[in-house]
Amino acid sequence: MAASEGPLKGVKVLDLSRILAGPTCTQLLGDLGASVIKIENPATGGDDTRQWGPPYVEDAAGNRSDLSAYFMSSNRNKKSVALDIATPEGQAQIRRLASHADILIENFKPGGLAKYGLDYKTISQEFPGLVYCSISGYGQTGPNASKPGYDLMAQGYGGVMSLTGDPSGAPMKVGVGIADVMCGMYACVGILAALRHRDLTGEGQQIDLALVDTQVAWLINEGVNYLTSGDVPQRRGNGHPNIVPYDVYETADGHVILAVGNDSQFQRFCQFLERPDLAVDPRFATNPSRLEHREELNAVLRTAVRGRDTDAVIYGLEALKVPVGPVQSIDQVFATEQVSARQMQIKMQAEPGSVNLIGNPLNFSRTPVTYRSAPPVCGADTDAVLSAQNPFED
């Protein structure tokens, strides 16, 4: 296989998902070389996120397309086929496409595809080797299985909102749809594992994935802190539950992030502040003692850091190998040489015109990711796909 083809070249994905979790997964599979056919409902104008704007891409005449920025964030490297699966004709076309596919991914409510004969139990009888990934709010089982699930609801139900935000403020969601994105990434891992099993045994299977389950899974240390101690974690703003100082600190002209992960780093930090006494103070000399006296130490540090310019703090601590960094706005992020060097902003040619997108962070030495096609307008590939003998052929 040529290096430019991608590690998943030849893998065929039938994508019945919409919004963000499923599309995040299938875009990642597409970036890795898989052929992805995205099914969209023509009666509703396609994926819901096509209407989640502005901003939208405009053509040369200034006319708005159906390519919202939200939609484009997770739908490159896909063909768009407009099909109404509520009709017998649409259902027949889905089964035909499934006959060519390795993977089918969907995010209907549990049981929602059964009335169309496209649920796993039905379709696996005809295609036993199919890897079938079902994403829902709460999963296919449990007392909440029938409830709808959205990112914000998953963040609330799964506990992360109780950990996020100012300690004196209201529970706060993460600034992007992180529950959806993480669910999509778990889906990708699960699909690749099931594909490996299928390749070894010929046996397909269903992957049952819930937004809430994946959100609970990535509570990580705070979740296990609770399971270990029985103490309910509290909001600490930008502070860390197990490390001090690890927070955002105000400077004379902005803010910096300090992430002092061990005692030797703390000693060098105190050297920079010209406060060597802090490093030998029994209240602050070790991380457990700093945790116990968090507020006392932070009161001293905030005063000391506030009197210095951001650049002076960053350059000074970097020279001492103390972890430190800026708090950047999005425009600053994409203006950095680091983002450019890592190709985390890409440009593609879409039907209405040129579009700027976020790059894929995976870097392979032999089989790099590929950007073969920009996010499509709804139904752009319907005729070509449905008339092709091999509908997944690029």
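Residues numbered from 1 in each chain as written. Predicted model: local features only at pLDDT ≥ 70, side-chain atom pairs only at ≥ 80, totals over all residues. Heavy atoms only, no water.

Student: I keep staring at the pairing of strand 4 (residues 64-68) and nothing clicks. Help me out?
Tutor: The element strand 4 is largely enclosed, with a buried count of four among its five residues. When strand 3 (residues 56-58) meets strand 4, the two strands line up antiparallel, connected through two bridges. Its bridge partner being in strand 4, Tyr56 is matched across the sheet by Ser68. (Buried < 20%, exposed > 50% of the residue type's maximum accessible area, 1.4 Å probe, protein only. Helix = DSSP H or I, 4+ residues; strand = E, 2+ residues; numbered from the N terminus. Pairing = 2+ DSSP bridges.)

Student: Would you mind showing me how to read the environment of Gln51 here?
Tutor: By secondary structure assignment, the location of Gln51 is in the loop between strand 2 (35-40) and strand 3. Taking the C-alpha atoms as reference points, Gln51 and Phe71, separated by 20 residues in sequence, lie 8.4 Å from one another. Those residues within four positions of Gln51 in sequence are excluded, and the remaining contacts are Tyr56 and Arg64. (Contact = heavy atoms within 4.5 Å.)

Student: Looking at this structure, how should I read the pattern of salt bridges?
Tutor: Side chains that differ in sign of charge can pair as their charged atoms come close. Per the stated rule, a full pass over the model turns up 15 salt bridges. A salt bridge links Arg76 to Asp31; its shortest N-O distance comes to 2.9 Å. In this pair, Arg76 is assigned in the loop between helix 2 (69-72) and strand 5 (79-82) and Asp31 in helix 1 (residues 21-31), connecting sequence segments 45 residues apart. With a shortest N-O distance of 2.8 Å, Asp277 and Arg275 are connected by a salt bridge. (Salt bridge = Lys/Arg side-chain N within 4 Å of Asp/Glu carboxyl O.)

Student: Got a minute to help me understand the environment of Leu97 in this structure?
Tutor: Relative to the helices and strands, Leu97 is located in helix 3 (residues 88-100). Setting aside its immediate chain neighbours within four residues, Leu97 contacts Leu14, Ile37, Ile39, Val385, Pro391 and Phe392.

Student: Even after reading the chapter, I still don't get a nonpolar patch on the surface, so can you show me in this structure?
Tutor: On the surface, Val224, Tyr226, Leu227 and Val232 cluster together to form a nonpolar patch covering roughly 420 Å² of accessible area. Within the element layout of this structure, Val224 appears in helix 9 (residues 220-229). (Patch = residues over 30% accessible without salt bridge, like charges linked within 9 Å, V, L, I, M, F, W, Y side chains within 5 Å. Areas by Shrake-Rupley, 256 points an atom, 1.4 Å probe, with all protein chains shown as cover.)

Student: Looking at this structure, how should I read the pairing of strand 2?
Tutor: Residues in a regular strand project their side chains so that they alternate between the two faces of the sheet. Strand 2 sits mainly inside the fold: six of its six residues count as buried. Covered by surrounding structure in strand 2 are Ser35, Ile37 and Ile39 together with Val36, Lys38 and Glu40, the residues of both alternating faces. Pairing geometry for strand 1 (residues 12-16) and strand 2, over four bridges, is parallel. Following the sheet pairing, Asp15 is matched in strand 2 by Lys38. Handedness of the strand 1-helix 1-strand 2 crossover: right-handed. For strand 2 and strand 5, the ladder comprises four bridges, and the chain directions are parallel. Bridged to Lys38 within strand 5 is Ser80. (Right-handed = clockwise from strand over helix to strand, strands pointing away.)

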